[in-house]
Amino acid sequence: MFEAHKKIINTEKIAYWIFLVLGVMNVGFVLMICVYLLIAGTPAIVKVGPIDFLFGTTWASTAAQPKFGILPFILTSIYGTIGAIVIGLPLGFFSAVYLAKMASRKVKAVIEPMVDLLAGIPSVVYGFIGMLVLVPGIRALFGLPDGSGLLAAIIVLAIMILPSIIKVSITAIEAVPEEYTLGSLALGANKVETIFRVVVPAARSGISAAVVLGVGRAIGEAMAVMMVAGNAANMPDSLFQSVRFLTTAVASEMSYSSGLQREALFSIALVLFAFIMVINGILNMLLKKGIKR
Amino acid sequence: MSVASTKRKIYKATMLSLSNICMAITVALVFFLIIYIFVKSIPYFSWELLSTSPSYLKGTIGVLPDIMNTIYIIFMALVLVLPMGVGTAIYLNEYSNRPKVEKAIEYCIETLAGIPSIIYGLVGMLVFCQFMGLQTSLLAGALTLMIMNLPTIIRTTQESLKTVPQSYREGAFGLGAAKWRVIRTVVLPCCIDGIVTGCILSVGRMMGESAALLFTAGFAHNLNGFFDAMHSAGATLTVALYVYAKEQGRFDVAFVIAAILMLMSLVINITATVLARRIQNKKGE
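Bear in mind the structure is a predicted one, so any value in this text is a computation, not a measurement. (Residues numbered from 1 in each chain as written. Chains lettered and ligands numbered in written order. Predicted model: local features only at pLDDT ≥ 70, side-chain atom pairs only at ≥ 80, totals over all residues. Heavy atoms only, no water.)

## Details of the overall build of chain B
Okay, step 1: Across its full length, chain B carries 13 helices and zero strands.
Okay, step 2: Along chain B, helices (α) and strands (β) appear in the sequence α-α-α-α-α-α-α-α-α-α-α-α-α when read from the amino end.
Okay, step 3: Taken over 285 residues, chain B has a buried fraction of 52%.
Okay, step 4: In chain B, the share of contacts with a sequence separation of at least 24, taken over all contacts with a separation of at least 6, comes to 74%.
Okay, step 5: Summed over all atoms, the accessible surface of chain B reaches about 13100 Å², with 66% contributed by carbon and sulfur.
Okay, step 6: Considering chain B, the positive charge centre built from 22 side chains and the negative charge centre built from 14 side chains are found 11 Å apart. (Helix = DSSP H or I, 4+ residues; strand = E, 2+ residues; numbered from the N terminus. Buried < 20%, exposed > 50% of the residue type's maximum accessible area, 1.4 Å probe, protein only. Contact = heavy atoms within 4.5 Å. Areas by Shrake-Rupley, 256 points an atom, 1.4 Å probe, with all protein chains shown as cover. Lys, Arg positive; Asp, Glu negative; His and termini not counted. Charge placed at Lys NZ, Arg CZ, Asp CG, Glu CD.)

This is the structure in C-alpha cells:
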C-alpha cells in the first residue's frame, strides 16, 4: 500500500519537473536567439563603426574596397512598411467594420474563412503572383523598363498584412460593449454614425494593435518581397526604384557570403531584430491596454 | 438644420460605400488569387511532373522530391513541437505556481511569435547547422520550424485547456486522483479538438514557410527515404517554387507548385474552420 503511494508521489514529482523544464525551454530558445544574434552580429558593427554601418548610404559588399552602409535597407524597410500600411490599413479597417457590424451572419460565415485563406497562402505564392501580374502591370502602366521595385513590394506587403489587420480589428470592434451602440442609437444617431463615431473610437487601442501587428508582419517579410523588389542596393529615392529591404539584404547574399560580408549580414539581422523587438513591445503594451479596459 | 441633415446623409453614404467597396476589393482579391493560380496552372499539370525527380540527363523536372520533403519536414517538426508546446501549455495552465516563471515564459512566447522567419532561418543555421553539426539538412529545418511554431501550439492548447470546466478537475481530485493522473485521464482528453486545431494551423504555417528553410534545409531535389532525408539537404515546395520561379525562370513548374500549395492551404483552412465550429458548438452545449 505504502509502496504504491510512494510510486504515485514520485510520478507526480517527475511530471511536475518535466512540465517545468518544457516551459523553461521556451525561455531558453529566446535567449539562444538573442545571444547568437548578438555574438554573430556585433563584430561587423564594431569593425565598420556603428555610425558608418547604420548611416552609410552605400552598400558594396563585394567591391574591391567594400562598403557596408545599411541606411538604404533601413529606409527601404521603413518606407515599404509605411506604404503597406497606407494601402492596407484603410482596406482592412473598412473590411473589418463591414464584417463586424454590417454583414449578415450568413455573409460573415462565408467571407471570414476567405480572409483566413488569405492569411494561409504561402508568401512565395504572393511573391510569384506579384512577379507575374504586378511587375508587368506596373511596367506597362508607368512605361518603365522594369516594373519590379518599391511600389510592387508595397502592394504585395499591403495584401499580405490585410488578413492580420482585418482579424485583429474585428476582434477589437466586437469587444466594444453593446450598451455603447444602444446608447448612441437612443440619442438619435443613425447606424453608420454609431459605428464610426462611437464603436470605432472605443475600439481604438485594439485597432492600433492591428496596425502594429501589420507593421511587424511587413517589416519581417522576406521571400515575397525578394521576388518583386528588384534587389539592387539602391537608396529608395522613388517608388519605382529597385530596392533591398533589411530582410532581403540578408537573404540575397547569405548563400555566397564570407568574411566581413557575412558578419555584416548578421549585423543587418541584428538591426532587424532590434526593430522587431521595439514593435513587439509596443504591440504587447497596446494589447494589454485593450484587455484592461 | 437642413444643412446638418444633408451633411449627416453624405457622411452616412460615404462611410457605407467605403465599407462596401473595401470589402468587395478584399473578396475580389481572394477570388482573383485562387482563380488565377488554378486556371493558369491547369495546362501544366502532368502525372510525370508530379511523380518523378528532376533529371539532368533527360532534362526533365519533377516535383515529387519536393512534395516528399515537405511532408517529411512537417511530420518531423510536428513530432518535435507537440510535446514541447502541449507540455508548456499544461505547465502554464495546470501546474504553474510561480508567477515570475509564468510571466517570463509568457513573455518569451509573445517574443517568439513576433520574430520574423528570416531571423529564425539565420539562427537555425548558426545553431543547428553549424554549432550542432547537423549541416544543411531537413532535421535542422524541422528544428527551426519547431521553435517557430511553439507559440501557435501553446496558444491553442491553452485556449482549450481553459474551456475544460474546473468541476471536472475537482471531481477527479475528489475521487483521490493526483494531478498528473487528472491531467492525463480527464483534462487532456477534453481538449484533443483544440490540440488538433493547433496542429492544423501549424501545418499550414510550416507548409508556407520558406525564408527560415532557405538556409537550414537547403535546395536539393533528391528523392530519399525518411531517415536519409533527415540527414540530407532538401527543398520543400515553397523553397522549390522560389528557386524555379526566381532563379531558373521555369514558370510552368512554379505554377504547378503554387497550385499544389494553394490547394493544400485551402484544405487546411477548411479543416480548421470546420473543427473550430465543432469546438464552438460543443462549448455552446
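## Describing the packing of helix α5 (residues 123-142) of chain A against helix α6 (residues 150-174) of chain A
All names here are of chain A.
Okay, step 1: At a closest axis distance of 9 Å, the pairing of α5 and α6 adopts a crossing angle of 135 degrees. One finds that α5 runs oblique with respect to α6. Of the two possible hands of crossing, α5 and α6 adopt the one that is right-handed. Seen from α5, the contacting residues are S123, Y126, G130, L134, V135, I138 and F142; seen from α6, they are L151, A152, I155, V156, I159 and M160.
Okay, step 2: Of the residues that constitute the contact of α5 with α6, the class distribution is 11 nonpolar, two polar and no charged. (Axes fitted to C-alpha atoms, helices over the stretch in contact; angles between N-to-C directions. Parallel < 35°, antiparallel > 145°, perpendicular 65-115°, else oblique. Left-handed = near helix turned anticlockwise from the far one by under 90°. Nonpolar A, V, L, I, M, F, W, Y, C, P; charged D, E, K, R; others polar.)

## Some thoughts on the domain arrangement of chain B
Many descriptions give the size of an interface as the accessible area lost when the pieces come together.
Residue and element names in this part refer to chain B.
Okay, step 1: Domain boundaries assigned for chain B yield domain 1 (2-44) and domain 2 (49-284).
Okay, step 2: Measuring from the centre of the C-alpha atoms in domain 1 to the corresponding centre in domain 2 gives 34 Å.
Okay, step 3: Of the residues lining the interface, eight residues belong to domain 1; the matching set on domain 2 comes to nine residues.
Okay, step 4: Regarding the contact of domain 1 and domain 2, the summed buried area is about 760 Å², with carbon and sulfur atoms giving 91% of it.
Okay, step 5: Area buried by domain 1 at its contact with domain 2 is led by I37, F38 and Y44, which between them contribute 66% of it.
Okay, step 6: Viewed at the interface, domain 2 and domain 1 are joined by zero salt bridges. (Domains from an automatic or database assignment. Buried area = accessible area lost by both parts, 1.4 Å probe. Salt bridge = Lys/Arg side-chain N within 4 Å of Asp/Glu carboxyl O.)

## Overview of the domain arrangement of chain A
Residue and element names in this part refer to chain A.
Okay, step 1: Each assigned domain of chain A is listed here: domain 1 (2-55) and domain 2 (70-292).
Okay, step 2: Placing a centre on the C-alpha atoms of domain 1 and another on those of domain 2 gives a separation of 30 Å.
Okay, step 3: Contacts between the two partners involve 14 residues from domain 1, matched on the other side by 13 residues from domain 2.
Okay, step 4: A per-residue breakdown of the area domain 1 buries against domain 2 is headed by L37, F53 and L54, which together make up 42% of the total.
Okay, step 5: Remark: the boundary between domain 1 and domain 2 carries one salt bridge.
Okay, step 6: Note that K47 and E263 form a salt bridge whose closest N and O atoms lie 2.8 Å from each other.

## Some thoughts on unusual backbone geometry
For residues besides glycine, phi is generally negative; the peptide bonds are generally trans as well.
Okay, step 1: One non-glycine residue, N231(A), lies in positive phi territory at about 65 degrees.
Okay, step 2: Here N231(A) lies in the loop between α10 (223-228) and α11 (246-254).
Okay, step 3: Residue classification places N231(A) among the buried residues on the basis of a relative accessible area of 15%.
Okay, step 4: Positive phi outside glycine occurs at Q135(B), with the angle close to 60 degrees.

## Things to note about the state of the cysteines
Residue and element names in this part refer to chain B.
Okay, step 1: Counted according to the given criterion, the structure contains zero disulfides over all chains.
Okay, step 2: Distance from the sulfur of C199, which forms no disulfide, to the nearest cysteine sulfur (C191) is 12 Å.
Okay, step 3: Assessed through its relative accessible area of 14%, C199 is described here as buried. (Disulfide = S-S within 2.5 Å.)

## Comments concerning the side chain of S164(A)
Residue and element names in this part refer to chain A.
Okay, step 1: Positionally, S164 belongs in helix α6.
Okay, step 2: Its relative accessible area of 8% is what places S164 among the buried residues.
Okay, step 3: For S164, the contacting residues outside a window of four places in its chain are L213 and R217.

## Digging into the packing of helix α6 (residues 138-163) of chain B against helix α9 (residues 192-208) of chain B
For any two helices packed against each other, one specifies the inter-axial angle together with the distance between the axes.
All names here are of chain B.
Okay, step 1: Running from N to C, α6 and α9 point in directions that differ by 155 degrees, and their axes come no closer than 8 Å. It follows that α6 is roughly antiparallel to α9 by the angle criterion. The handedness of the crossing between α6 and α9 comes out as right-handed. Counting all contacts with α6, which are made through L145, M148, N149, T152, I153, T156, T157 and S160, the residues of α9 involved are G194, I195, G198, C199, L201, S202, R205 and M206.
Okay, step 2: Each residue belonging to the contact of α6 with α9 can be placed in one class, and the counts come to seven nonpolar, eight polar and one charged.

## Thoughts on the pattern of salt bridges
Residues and elements named next belong to chain B.
Okay, step 1: The full count for this structure, using the stated rule, is 10 salt bridges over all chains.
Okay, step 2: Across the pair R169 and E94 runs a salt bridge whose closest N-O atoms are separated by 2.9 Å. Here R169 is found in helix α7 (residues 166-174), whereas its partner E94 is found in helix α3 (residues 64-95), with 75 residues between them in sequence. In this pair, the class of R169 matches that of E94, namely buried.
Okay, step 3: With a closest N to O distance of 3.3 Å, R278 and D193 form a salt bridge.

## Overview of the interface of chain A and chain B
Okay, step 1: Contact with chain A, which involves 79 residues of that partner, is made by 82 residues of chain B.
Okay, step 2: Of the roughly 7100 Å² buried between chain A and chain B, counting both surfaces, carbon and sulfur atoms make up 79%.
Okay, step 3: Between the two partners, chain A and chain B, sit one salt bridge.
Okay, step 4: One salt bridge connects R8(B) with E193(A), and the closest N-O pair in it is separated by 2.7 Å.
Okay, step 5: In this structure, the connection of chain A to chain B is made through 11 residue pairs in polar contact (both at pLDDT 80 or more).
Okay, step 6: Sort the elements by how many residues they give to the side of chain A that touches chain B and helix α1 (residues 2-48) of chain A lands first, with 21 residues.
Okay, step 7: Tallied by class, residues from the side of chain A that touches chain B come to 59 nonpolar, 14 polar and six charged. (Polar contact = N/O pair within 3.5 Å; in protein donor to acceptor, adjacent residues only side chain to side chain.)

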